[in-house]
Every structure is written in C-alpha cells, then in structure tokens.
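# Working through the structure, step by step
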Amino acid sequence: MFTVENIIEQLHDYYPEADQDLLIRAFEFCTRAHNGQKMADGRDYLQHSLEIASILVRLKVDETTLVVGVLHNSLLSGLITREDLADEFGQEILGLIEIGNKISHIPYRQSNQQQVESFRKMFVAMARDLRVILVYLAVRLSNMRSIGCRKELEQVACSRETLEIYAPLANRLGISWLKGELEDLALQVLEPEKYAALARRITAHKEERGEYVATVREEICKLLEVNGLHGDVTGRFKHFYSVYRKMERTGVDLDQIYDLTAFRILVDSVRECYEVLGLVHARWKPIPGRFKDYIAMPKSNMYQSLHTAVIGPYAERMEVQIRTREMHRIAEEGVAAHWKYKEGGAVSVTGRDDQRFNWLRQVLEWQRDVSTEWSASDTSFIDLFPEEVYVFTPNGDVKELPKGSCPVDFAYAIHTDVGRQCVGARINGKLCPIKTQLKNGDIVEVRTSAHQTPSKDWLSFVKTSKARNKIRHWVKAEQREKSIEIGRELLEKELRKHQYSLKRAMSLESFSQTVIELGFKSTEDVFAAIGYGKLSAGQIISHAIPKEEQKRQPDKSGPLGKVLDKFSRRKPQSAILIGGIDNVMVRFANCCNPLPGEPVTGFITRGRGLTVHAKNCSQVLASEPERRIDVEWDMQRQTTRPVKVQVTCSDQKGMLVGISGAIAEADANIVSASVYARGDRKGTNLFEVDVENLEHLNRVIREIKKVKGVIRVERIQN
C-alpha cells in the first residue's frame, strides 16, 4: 500500500528542496474532492492518487507535476469547483489539470497506422506541456494495473489504446520500464491465451534461468575486478510483450529465441565501455553480426550503449549491454532525467541537455530555444507542434492541418466535392462560420449545399495547399467560361459592323489560320483572350476577314468612336507618338508610372483624354479592350519623368550623403526625399528622382548599389 510519507521520502531523495507542505495539501484536497468515492477495484480514490504519485516520483518529477497527478481528476468529481482549485493551488496547476481533462476525453478510434500516428501527435499537441504527458502516462499505468475490474469491452478498448498510443509515447520519451510494463499489461488483456502460455513456459524455467543469471553475473564481476575495473552488473529476462512480438515477427518458437537472457554492465567512462567489450569478447565467443555500437552512432532518441551477443556458459546465447551510468540514466528515465533540481526549486536545462530535447522528433517537435524552468512565476506552456492543428471528423478520424486552418480546409481534406459545396460547419456541436480557425481536438462536421460553389474570397483565409489549389482551379475555370462568353459577344458585335456573322467568319480558312498564327490552340482560347482583354476583336477581324470586305466604321459610334477616329486620322493606330498628338490631353498613369523606353499602351478615358500605362499594368489589362489604343514613345524628344526609388541600408552615419552623391553622379535630380530608421539598425529612404528614360533609371540604381552599406534598391510604383 502506498503512503503519503513514502512518496514524500522518495521525492526528497532526489529533490531535497521540494515543497513538502504543497504535496500534503494536495493529498488532503484529493481526499475532500473524492470523499467516499471508490475505484473499480474497491480501493479508496486516494490510493489511486498515491499510486500515480509513486510512478511519477520514479520519473523524478517536481512537486508541481506530482500535485497535478494527485489532483488530475478532482474537477470531475463534482465536489469542488475551478475556483476552489485555483484558490488553493494557483492558476498554473489549474491550467495543467484542465488540459489533462480535455486530453482524457479525446475520442480515440482504432484505425490505420497514419491515423494512429496523427492521434499520438494530436495528444502531444493538445498537452502543450511535457508534465501533462508524464502525468497521463502515469495515470494510464495505474489504470492498466487494475484493468481486470472493468467490463470486457472496456478492457480491450483501453488495452488497444495503451498499446497504440501510450506505450509508443513512453518509448519515444525514453522511459523504457514504463513502456515495458504498459505493453505486458495490454498483452495480458488482448492475447490472454498467448500471454498465459508465455508466462507458463518462461516461469517454468525461472528457477533455472535465475541460477544461470546469478552464475554469469558473478563471473562478469570477477572479470572486471581482475582487470581493475569497477562496474555494476545486472541480469534480466526479456519482458513478455517483447518475446511475443519477436515470435510473431520471425515466426520462431520460444526455444529459438536466444536473447531471453541479457546482462547490463554500467561503468564510469566511455573508454571503460570499450575496454569491457574487449574483455567480454575475449572471455566468450561473440556471435557474428550481433555487435552494435550505439555510442559512436547514437540512435535518433540519443540512446547510447554497446550491444553484443555471445555464446555464454553451457553454450547459451546471451546479450550483453555496456554503457556508462549517465547513458543508463538517460535510457531508463528519458526526458525526466534531464531535470536538474537546484536551490530554490527551479529547474534548469544545460546547453547539452537542450540539444538532447531534439530527439523528441516526430512526436515532440520541441523548440530549441524553449526554457523548461518550472518556477511559480514562469509558464512552461509551449507549442510542441506550432505549425499543425489536429481535429476530428464525426466518425473519429484525425485530420492533420496547418495552424490557422478553417472548416473549408477541413472539408477539402475530406474530399474535393465536400470542400466545393461547403456552406458552414458545426464545431463541437455549435454552428460556426467557415472562416472560424480550428483548434486541437475540435470535432468538425461540415455542412454542404449542392448549390454552393467556391468563392475567390476563400483564398484570403484557407491555409492548406490542397484547398488553395482547388479553389484557384475552380475560380480560373469559372472565369474562363465567363471570359469565353464575353469574348464571343464582343467578337460577334464587331463582326456585325462588317456585315459578318460569327458562324460565317469561323467558316473562313483565314480565320483558322489566324488562330494558329496568334498561337492559340482553339477558337475558345481566342474568345477567352478577347474576354480577358489580352486580345482585341479588331485584331482578329483585321487578320481573318479579307481586306476588301472590312467596312469603315459608321459615324454613329458615339463620343468614344469620335475620339478614336480622331486619333486614327492623325496617325496610324499602331504608330502614335505621344509627343506628336495635338489638342489631345495626355496624362501618365500613377498606378504603373511608365518611363520612356518601357512598352506602353494608351487608354481613352471619359473626359480626361489619353492615359498612358505600362503595357503589363494590371489595371489596364482589366479595363475595357475597346478603349485601348496602341501608342509609343517619341524618343527624339528629351523629357524627364519622376520615379520613386526606395533604398534599404544600414543605419549609420554618412549614408544619406553617400546615396545623394550617387544619384547626382548618375546625372539625376532629387525632387523629394524621406528618411527614417526602422529600429533594427536599418534605415529606409524614399527618393523621388527625375529620370530621362528606363536606361537612366537603371544607371541611377546601379550607382546607389555601389554605396557601402546599401542593402537593397527598388523602384516603387503607386
């Protein structure tokens, strides 16, 4: 039977500065919270809490973790409130207990290996604190020890969950003894006949094996003593689940498993490890191919040891493991072994230990810069999976999504059609908008409608690449259909002016030839290009319809037609010089701020004359194609255009002088300048400079880049 005094005594053995009163108060509070409640096996609930505490002290945890273990179920008893708990033990302990309660209600469902792995990761992601994970490993071990008192179906479900979730977590945390006991207890429930058979056969040889282990252990101790080495030697039998797995995996009988007996030798240094290895190999013949050096090449979880198999006394095969005491501590206690208790009760992690936290790998994506000092004023909450969120389908499947994902991402993760028809979702039973960000452990039910289609607005809040790509594809296809329809109408309208129908025009051989010459694969591509504004209907007509059948535009086209006609009479449409247009107001677009030398196009505005845009300007590409006109620069006329240049540089003395000198060196005039320091030892400078053309601008940029301390130079377009 476990006692409070025994727990406190064990705690003081490795943590003399522990707060004894806090732990005593926790046991008293547990008694009040579970007053009169019994466990399934008839024990008082306090005994269950004491057993959990005994497991945790074996992991060498601090008193805060012990309190969380003792009180892990207190909020569910119905006899105390959150306020009671917070008043007595503070918000930190209350928060850890509430996280644990949420984890304990995760609806686990056995599935494929990927789903099981996702569930493990979700378990850890929801915990957000290593102490919560350790507490619930201890709780699970205590529950498994008394699992025989439950109903048969509950026993099987709990054992399966233990084998698939909790034992692998213990293994990845490096807590081998806890993993082994969980596996044996689960096997006893899931495969009772095989477990009983193994137990009978192994127990039948127990006395014989015991004598063998004692004999070999004594011989190894003498071998070390003769050679002046000091080491601890232990022997053990392979635990049941390990034997069972090996028999299942290899298809061999128990008599053919030769490493049922193993010995472990603990020494003080790495040099002594290899010295002992030489002595063992000299004393007993090694089995070829069975030597593994995990000291020189540690496992991914930082496990280190020398493993060898030899032919021992009486021709028995036996395994020998050789490691230092520090290696053994890490192998047996895992992460818990890294907690160094110092004066004042705080926990610190050395730089070397911090590196070892990386071996949490797939289950614990630990942040390298995280401090694990667990003092009353500090929080140990961390995000072990900062980039993922794990949520459930109504059927219990786990979906792994990027952080910040919403129901639309979830819907597309289920199926493309579900995503396309998503109109809303129920999250944990409550109706929520499709923009709602999902949290770990949420149960999401997608609501769909056959009339719903993806919206371009969805791209502003979805996170998964699948959802983003599917939405873009749908929007693009929808826009293409609309563009084809618009392009067809525009071309038909233009053809009617030449007394042609679309059908008649498409029947012409010249029309098909025009499609090919313009680089399109089909007539629909031509319609889409016209609808997008990348091509004008007039260009198709000028190529496809014979010149003699092309009619001059009537004078009834309205004000726009008159303006266009005015331009066409003065200069050929393809060669209008900006500097040679008389009595027409010309302005330059602020959106792209075109410079002489850049390809440009003209756009006829209502009441403001001709606006000149860069040819690739997004605004003009989205405008009405009929209002565009071909223009070009008059390179014979000398003029200047203002352009904005942003310079990012180091925040140091003399930078402004250097940059200004570089601009002057390039024969450019500074119209205005604004300078400010960003606070990260860098500065941002915005200059408005008069330049003659694009080449002149490039020369200005080259000169600025030569200034020492300049990081980046870029042209800014409004």
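Preceding this paragraph is the structure being described.
Okay, so let's go over this structure. Since the model is a prediction, treat every value here as computed from it, not as a measurement.

Here we come to the packing of helix α1 (residues 4-14) against helix α2 (residues 20-33). Remark: α1 packs on α2, axes separated minimally by 11 Å, with the N-to-C direction vectors making an angle of 150°. Here α2 runs roughly antiparallel to α1, going by the angle between their axes. Helix-helix and strand crossings are classified by hand; for α1 and α2 the assignment is right-handed. Residues V4, I7, I8, L11 and H12 of α1 form the contact with α2, whose own contacting residues are Q20, L23, I24 and F27.

Their axes nearest at 9 Å, the elements helix α3 (residues 45-58) and helix α8 (residues 130-145) cross at an angle of 125°. With respect to each other, α3 and α8 are oriented oblique. Of the two elements, α3 crosses α8, and the hand of that crossing is right-handed. Contacts between α3 and α8 involve H48, E51, I52, I55 and L56 from the former and L134, V135, A138, V139, L141, S142, N143 and R145 from the latter. For the contact of α3 with α8, the residue count by class is eight nonpolar, three polar and two charged.

The next subject is the sheet that holds strand β11 (residues 422-427). Strand order in the open sheet made by the three strands is β12-β11-β13, with antiparallel pairing throughout. The sheet terminates laterally at β12 (430-432) and β13 (444-448), the two strands that pair on one side only. On average, each strand axis in the sheet is inclined to that of its neighbour by 30°, with strand direction left out of account. The pairing of β11 with β13 spans five bridges and is classified as antiparallel.

Take the environment of V515 next. Looking at the secondary structure, you find V515 in helix α21 (residues 509-517). Setting aside chain neighbours within four positions, we find V515 in contact with F520, S522 and V526.

Bringing the side chain of H72 into the picture now. The residue H72 is located in the loop between α4 (63-70) and α5 (82-89) in this model. Overall, the relative accessible area of 3% leaves H72 in the buried class. In terms of polar contacts, H72 uses its side chain to reach the backbone carbonyl oxygen of G69, at 2.8 Å. Residues contacting H72, with those up to four places away along its chain left out, are Y45, H48, I52, I97, N101, V135, Y136 and V139.

What follows covers the environment of D129. Following the sequence through the fold, D129 ends up in the loop between α7 (113-127) and α8. You can call D129 buried: its relative accessible area is 0%. Each C-alpha atom of the pair D129 and I99 lies 9.0 Å from the other, and the pair is 30 residues apart in sequence.

Let us now look at the sheet that holds strand β21 (residues 682-691). The strand order β20-β21-β19-β22 describes an open sheet built from four strands, whose pairing is antiparallel. Every interior strand has two partners, whereas the edge strands, β20 (669-677) and β22 (710-716), have only one. For this sheet, the mean angle separating the axes of adjacent strands, direction not counted, is 20°. Where strand β19 (residues 641-650) meets β22, six bridges bridge the pair, whose relative direction is antiparallel. Bridge assignment links C649 to a residue of β22, and that residue is V710. Of the strands in this sheet, β19, β20, β21 and β22 are in contact with helix α26 (residues 655-665), which crosses β21 at around 20°. Running over the sheet, helix α27 (residues 694-705) touches β19, β21 and β22 and is turned about 160° from β22.

Here the focus is the nonpolar core. Across soluble globular proteins, nonpolar side chains show a tendency to be buried alongside one another. Grouped together as the largest cluster of nonpolar side chains are 79 residues, with contacts concentrated most on L56, L71, L85, F89, L137 and L178. It is α8 that provides the largest number of residues to this core, a total of eleven residues. Aside from chain neighbours lying at most four places away, what touches L137 is Y166, L169, A170, L173, I175 and L178. With 24 residues, the next largest nonpolar core counts Y212, I220, I295 and M327 among its residues.

Turning our attention to α26. Buried residues of α26: M655, I659, A662 and I663, and no others. Axial view of α26: buried residues confined to an arc of 100°, hence all on one face. Opposite its buried face, α26 presents the exposed residues V657 and E665, each directed more than 90 degrees away. Immediately beyond the C-terminal end of α26, within one or two residues, lies D667, with a positive phi of roughly 60°.

The subject of this paragraph is the environment of T393. Mapped onto the secondary structure, T393 falls in the loop between β9 (388-392) and β10 (398-402). Using a relative accessible area of 9% as the deciding quantity, one classes T393 as buried. As a C-alpha pair, T393 and D442 span 49 residues in sequence and 8.7 Å in three-dimensional space. Every residue in contact with T393, bar those within four places of it in the chain, is listed here: K399, F410, I443 and V444.

Now for the pairing of β11. As paired strands, β11 and β12 are joined by three bridges and run antiparallel to one another. Bridging across to β12, A425 finds its partner in C432. With antiparallel pairing between neighbouring strands as the criterion, β11 and β12 make up a hairpin whose turn holds two residues, including N428 at a positive phi of roughly 55°.

In this structure the tally under the stated criterion is 23 salt bridges. Note that R420 and D417 form a salt bridge whose closest N and O atoms lie 2.9 Å from each other. Here R420 pairs with D417, and both are found in helix α18 (residues 416-420), just three residues apart, close to one helical turn. For R420, a relative accessible area of 21% translates into the label partly exposed. Through salt bridges with shared partners, a single ionic network connects D41, R43, E51, R145 and E181.

Rules and cut-offs
- Residues numbered from 1 in each chain as written.
- Predicted model: local features only at pLDDT ≥ 70, side-chain atom pairs only at ≥ 80, totals over all residues.
- Heavy atoms only, no water.
- Axes fitted to C-alpha atoms, helices over the stretch in contact; angles between N-to-C directions.
- Helix = DSSP H or I, 4+ residues; strand = E, 2+ residues; numbered from the N terminus.
- Parallel < 35°, antiparallel > 145°, perpendicular 65-115°, else oblique.
- Left-handed = near helix turned anticlockwise from the far one by under 90°.
- Contact = heavy atoms within 4.5 Å.
- Nonpolar A, V, L, I, M, F, W, Y, C, P; charged D, E, K, R; others polar.
- Pairing = 2+ DSSP bridges.
- Buried < 20%, exposed > 50% of the residue type's maximum accessible area, 1.4 Å probe, protein only.
- Polar contact = N/O pair within 3.5 Å; in protein donor to acceptor, adjacent residues only side chain to side chain.
- Core = buried A, V, L, I, M, F, W, Y, C linked by side-chain atoms within 4.5 Å.
- Arc of directions from axis to C-beta.
- Salt bridge = Lys/Arg side-chain N within 4 Å of Asp/Glu carboxyl O.

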